[in-house]
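Report on the structure
Chain by chain, the residues run as shown.
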Amino acid sequence: MVAAWRREAPQLDVEPLEVLSRVARLARHLDRLRRGAFSAHDLETWEFDVLAALRRAGAPHELSPGQLLVETLVTSGTMTNRVDRLVTRGLVERRPDPGDRRSVRVRLTPAGSAVVDAALADLVEAEHRMLDVLGREERRALATLLRRVSAPFEG
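Just so it is clear, the structure is predicted and the values come from calculations on it, not from any experiment. (Residues numbered from 1 in each chain as written. Predicted model: local features only at pLDDT ≥ 70, side-chain atom pairs only at ≥ 80, totals over all residues. Heavy atoms only, no water.)

1. A few points about the sheet that holds strand β2 (residues 92–97)
Reading across from one edge, β1-β3-β2 is the order of the three strands in this open sheet, with antiparallel pairing throughout. Edge strands, defined here as strands with exactly one partner in the open sheet, are β1 (62–63) and β2. One ladder, built from two bridges, connects β1 with strand β3 (residues 100–108); its direction is antiparallel. Note on β3: the bridge partner recorded for L63 is V106. (Pairing = 2+ DSSP bridges. Helix = DSSP H or I, 4+ residues; strand = E, 2+ residues; numbered from the N terminus.)

Printed below as a string of structure tokens:
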């Protein structure tokens, strides 16, 4: 693809395509890999994202809806809908916020914890296979470089 662009648009420096087109293609492959790992546990990607945010929060594995917004980068209306759907599935529960009666906390249920842990184990195994073409030092170097490129977008 890059060679074709160099031939067809020689006036442009298409060097970024050598990196970023590969990143975009890799992201599509990773998305398919993740969807496969999650679907094996009857989860959508967004469900895993919410459950994983709660799991990473540490015991008692709960966050405010506002904290979930920050963790998952969605709007409040979207988060309300997502929490409603996860409550219906028994994967999370809403609890009164002990510090503010007007607010709630979203807590991972034992069923939610079990499913997110199992999905994470499958995801990590699949991602290890994806990165097996690189040695440990190469993976570290790539992670460092990707962190530098993505840092300006991470706020």
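2. A word on the side chain of T109
When you line up the elements, T109 lands in the loop between β3 and α6 (110–131). Since its relative accessible area comes to 10%, T109 is described here as buried. Within the structure, the side chain of T109 is placed 3.0 Å from the backbone oxygen of L91, a separation counted as a polar contact. Discounting chain neighbours no more than four positions away, the residues touching T109 are G90, L91, V92 and E93. (Buried < 20%, exposed > 50% of the residue type's maximum accessible area, 1.4 Å probe, protein only. Polar contact = N/O pair within 3.5 Å; in protein donor to acceptor, adjacent residues only side chain to side chain. Contact = heavy atoms within 4.5 Å.)

3. What about the layout of surface pockets?
Of the volumes computed, that of the largest pocket is approximately 1000 Å³. As for the largest pocket, its lining consists of 23 residues, and the residues nearest its centre are V23, L26, L30, L142 and L146. At the level of elements, α2 (15–39), α6 and α7 (136–150) are the ones that each hand at least two residues to the lining of the largest pocket. Considering each element in turn, the lining of the largest pocket owes the most residues, nine residues, to α2. Per-class residue counts for the lining of the largest pocket are 14 nonpolar, one polar and eight charged. Computed from the structure, the second largest pocket encloses a volume of approximately 270 Å³. Lining the second largest pocket are 15 residues; nearest its centre among them are R34, F48, D49, A52 and R56. Those elements that provide at least two residues to the lining of the second largest pocket are α2, α3 (45–56), α4 (65–72) and α6. Considering every element that reaches the lining of the second largest pocket, the biggest residue donor is α3, with six residues. (1 Å grid on protein atoms, 1.4 Å probe; cavity = no way out; pocket = protein on both sides within 12 Å on 5 of 7 lines; lining within 4 Å. Points joined across faces, edges and corners; volume = space filled by probe spheres on them. Nonpolar A, V, L, I, M, F, W, Y, C, P; charged D, E, K, R; others polar.)

4. Brief notes about the pattern of salt bridges
Proximity of charged atoms lets side chains of opposite charge pair with each other. Within the structure shown, the criterion is met by 15 salt bridges. Between R129 and E125 there is a salt bridge, with the nearest N and O atoms lying 3.1 Å from each other. Taken together, the residues R129 and E125, both in helix α6 and four residues apart, mark about one turn of the helix. (Salt bridge = Lys/Arg side-chain N within 4 Å of Asp/Glu carboxyl O.)

5. Let's talk about the pairing of β3
Pairing of β2 with β3 involves six bridges; the strand directions are antiparallel. When the bridges of β3 are listed, P96 appears paired with V104. In textbook terms, the turn of a hairpin is the stretch between consecutive antiparallel strands, and for β2 and β3 this stretch comprises two residues.

6. Here we look at a nonpolar patch on the surface
Nonpolar side chains collect at one region of the surface, where V19, L20, V23, L142 and L146 lie side by side and expose about 400 Å² of accessible area between them. Listing elements by their share of the nonpolar patch, those giving two or more residues are α2 and α7. Ranked by residue count, the leading element in the nonpolar patch is α2, at three residues. Residue placement: L142 occurs in helix α7. (Patch = residues over 30% accessible without salt bridge, like charges linked within 9 Å, V, L, I, M, F, W, Y side chains within 5 Å. Areas by Shrake-Rupley, 256 points an atom, 1.4 Å probe, with all protein chains shown as cover.)

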